[in-house]
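# Coordinate inspection notes
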Amino acid sequence: MNKTIIVSNRLPLQIKLNNDKLEVVPSVGGLATGLKSVHADGNGIWIGWSGLTEEELDDNLKSLVKQAVKKEKCEAVSLTQDDIDNYYLGFSNKTLWPLFHYFMEYTEFEHEQWQAYKRVNEKFAEVVLEHIEDGDTVWVHDYQLLLLPKLIKDKKPNTSIGFFLHIPFPSYEIFRTFPWREEVLDGMLGADLLGFHTYDYERHFLSSVKRIMRLEVNFNEISMADRTIKVDSFPMGIDYNKFHNAALAHLNQDESQKSELQKRLDDHIQSDADTKLVLSIDRMDYTKGIPNRIRAFEYFLNKYPEFKEKVRLIMLAVPSRSDVPQYKKLKRETDELVGRINGQFATVSWTPIWYYYRSMPFENLIDLYTSSQVALITPIRDGMNLVAKEYIATRTNGHGVLVLSEMAGASKEMNEALLINPNNFEQIADTLKIALEMPEAEQSRRLHILQKRLKRYSVEKWADEFMSSLNSTKKYRETSITR
Ligand code: ADP
Ligand code: G6P
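Just so we're clear, the structure is a prediction, and the values are computed from it rather than from any experiment.

### Regarding the overall build of the chain
A count of helical and extended segments in the chain gives 18 helices and 17 strands. Taken against the 2.2 N^0.38 rule, which gives 23 Å for 483 residues, the C-alpha radius of gyration of the chain at 23 Å falls within 12% of a compact globule. Overall, the chain is about 70 × 55 × 40 Å in size when its C-alpha atoms are taken along their principal axes. For the chain, buried positions account for 44% of its 483 residues. Intrachain contacts of the chain at a sequence separation of at least 6 include 77% that bridge at least 24 residues.

### A look at the site of ligand 1
Taken together, 13 residues lie near ligand 1, and Val-318, Ser-359, Met-360, Leu-386 and Val-387 sit nearest. Mapped by element, the contributors of at least two residues to the shell around ligand 1 are strand 12 (276-283), strand 13 (311-318) and helix 15 (386-393). Looking at the shell around ligand 1, the element that brings in the most residues is helix 15, giving three residues. When its residues are assigned to classes, the shell around ligand 1 shows eight nonpolar, three polar and two charged.

### Here we look at the pairing of strand 12
With eight bridges joining them, strand 12 and strand 13 adopt parallel strand pairing. Bridging from a neighbouring strand, Leu-279 pairs with Ile-314 of strand 13. With respect to chirality, the unit in which strand 12 leads through helix 12 (residues 290-303) into the neighbouring parallel strand 13 is right-handed. Pairing of strand 12 with strand 15 (residues 374-377), which is carried by two bridges, proceeds in the parallel orientation. Bridging from a neighbouring strand, Leu-279 pairs with Ala-375 of strand 15.

### As for the sheet that holds strand 6 (residues 137-141)
The nine strands are arranged 5-4-1-6-7-8-11-10-9 in an open sheet whose pairing can be described as mixed. For this open sheet the edge positions go to strand 5 (74-79) and strand 9 (216-218), each flanked by a neighbour on one side alone. Ignoring which end each strand starts from, the neighbouring axes of this sheet average 25 degrees apart.

### Overview of the site of ligand 2
The full set of residues close to ligand 2 is Arg-10, Asp-142, His-166, Ile-167, Ser-320 and Arg-321. Residue classes in the shell around ligand 2 are distributed as one nonpolar, two polar and three charged.

### Structural notes on the confidence of the model for the chain
Summing up the model confidence of the chain, the mean pLDDT is 94 and the portion of residues at 70 or higher is 99%. Here the complex is predicted with pTM 0.97, and the ipTM for its interfaces comes to 0.98.

### Overview of the packing of helix 5 (residues 111-131) against helix 6 (residues 148-155)
Orientation of helix 5 relative to helix 6, taken along the N-to-C sense of each, is 45 degrees, at an axis distance of 9 Å. The angle between helix 5 and helix 6 places the two elements in the oblique class. Once helix 5 is placed against helix 6, the crossing between them reads as right-handed. Where helix 5 abuts helix 6, its residues Asn-121, Glu-122, Phe-124, Ala-125, Val-128 and Leu-129 lie against Leu-148, Leu-151, Ile-152 and Lys-155. Partitioned by chemical class, the residues of the contact of helix 5 with helix 6 number seven nonpolar, one polar and two charged.

### Describing the sheet that holds strand 15
A sheet is described by the order of its strands in space; here six strands give the open sequence 14-13-12-15-16-17, paired in parallel fashion. Looking at which strands have only one partner, the edges of the open sheet turn out to be strand 14 (353-357) and strand 17 (418-420). Within the sheet, the average angular offset between the axes of one strand and its neighbour, ignoring direction, is 20 degrees. In the sheet, strand 16 (residues 401-405) pairs with strand 17 via three bridges, with the strands oriented parallel. Bridge pairing in strand 17 places Leu-404 opposite Leu-419.

Conventions used here
Residues numbered from 1 in each chain as written. Chains lettered and ligands numbered in written order. Predicted model: local features only at pLDDT ≥ 70, side-chain atom pairs only at ≥ 80, totals over all residues. Helix = DSSP H or I, 4+ residues; strand = E, 2+ residues; numbered from the N terminus. Rg over C-alpha atoms; globule rule 2.2 N^0.38 Å. Buried ≥ 20, exposed ≤ 12 C-beta atoms within 10 Å, placed from the backbone. Contact = placed C-beta atoms within 7 Å. Near = placed C-beta within 6 Å. Nonpolar A, V, L, I, M, F, W, Y, C, P; charged D, E, K, R; others polar. Pairing = 2+ DSSP bridges. Right-handed = clockwise from strand over helix to strand, strands pointing away. Axes fitted to C-alpha atoms, helices over the stretch in contact; angles between N-to-C directions. pLDDT = per-residue confidence, 0-100. Parallel < 35°, antiparallel > 145°, perpendicular 65-115°, else oblique. Left-handed = near helix turned anticlockwise from the far one by under 90°.

Structure, rendered in structure tokens:
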């Protein structure tokens, strides 16, 4: 029976090592949910890095990891500390991530890291090739594995290969600065179907293929000597029902079921019914526009002082890639800005910003989403931004306003949100005021349209549409061979 092999840098599970004991926690993240049915189907497997390095595991632990991972229908790719330093923290997160998000000034071009990137993509290919059988389908995910499609295609030309990029593909003028541009495009072109979140990313990719690889592009098909590659956009959705139902259940909680966080949020609401909460949630990443958001909030409080003591920004930042210097710098800058603004504006009964730097369990995310009248999501660049979609899904009481950066892929499908340019403080401040004062009927009208759309284009639908498009490229190849 043919199977689908999913490949991503991280496996959809977390392995923790506590006093030499392994703890395996399956991931509840968007990608894992969306691919659940593809993964669960038949003998499907998921290949990726376990999150632990070779150096952390002795032989006994290695075999325990192997067994634990296998139980979840996964296979681990074994990576050394050197791989993590140069392939993951290095080339993936100091070169590709900033370059593809238009942060040229943060982008490093280091030959040693490029070598590590190639070596680790080959390690992934080895594990895939060990498990692949004729007729199987492979779906590769994201910027850490751009070379993998070709590494598989060269060895197994009859395999159907899909690739999805979860971050933006930059414009040609940015991409052309990249020293290894041909090798990377060549690697991606090993796929039969290439998927992007938005039409713009797709267009940028095709433009680079035309101008750098000098290949013929017809509408959304690339003609190679021996085959045709399809390129399309598939905006990723969320597990709408999960967020919506969790929010509905949340409404009916009695006092004993409430989290400590929810009690604190309730206290805030009860102390002054007019005070509103403005929420932001992101990984602590320089692409997310965190300092901009704080500065814009400061600007808002100065421009509209009547909102002092009437509005509070709750900012949840999840620690991420903290061994990369730019992320450390961002954390320092954020701490300082929050401290400065709280110091400047706080009164005996009011602190303008509540700032959490930690990961939170799902229940607490729901507490935050359901308690906040406005979500302020201001990335400088973002492939999609699922938080914006999750906020909308949890607004079960018909109220809530989303202020969203037009630089997030999600903005393309969320025209009913209030869209802003994250670099324009004046506009953010004015829009925040509009959001806080929006009549309930207007909030409801916008929410209703957004919710209907998000419900229809769920993450399961995203995965189904990608897989059926990939299957159609397979059928096309088979009929052209027999012709
Ligand atoms: P990115 O993929 O760049 O991190 P997204 O907004 O697309 O940004 O996705 C972030 C995901 O992480 C969302 O599904 C969100 O629910 C989840 N998440 C965000 N903050 C936390 C947190 N503190 N704890 C757990 N999960 C979180
Ligand atoms: C983004 C990327 C993913 C990545 C995730 C978390 O969503 O597109 O590929 O897994 O961030 O980042 P991390 O570096 O912790 O895997």
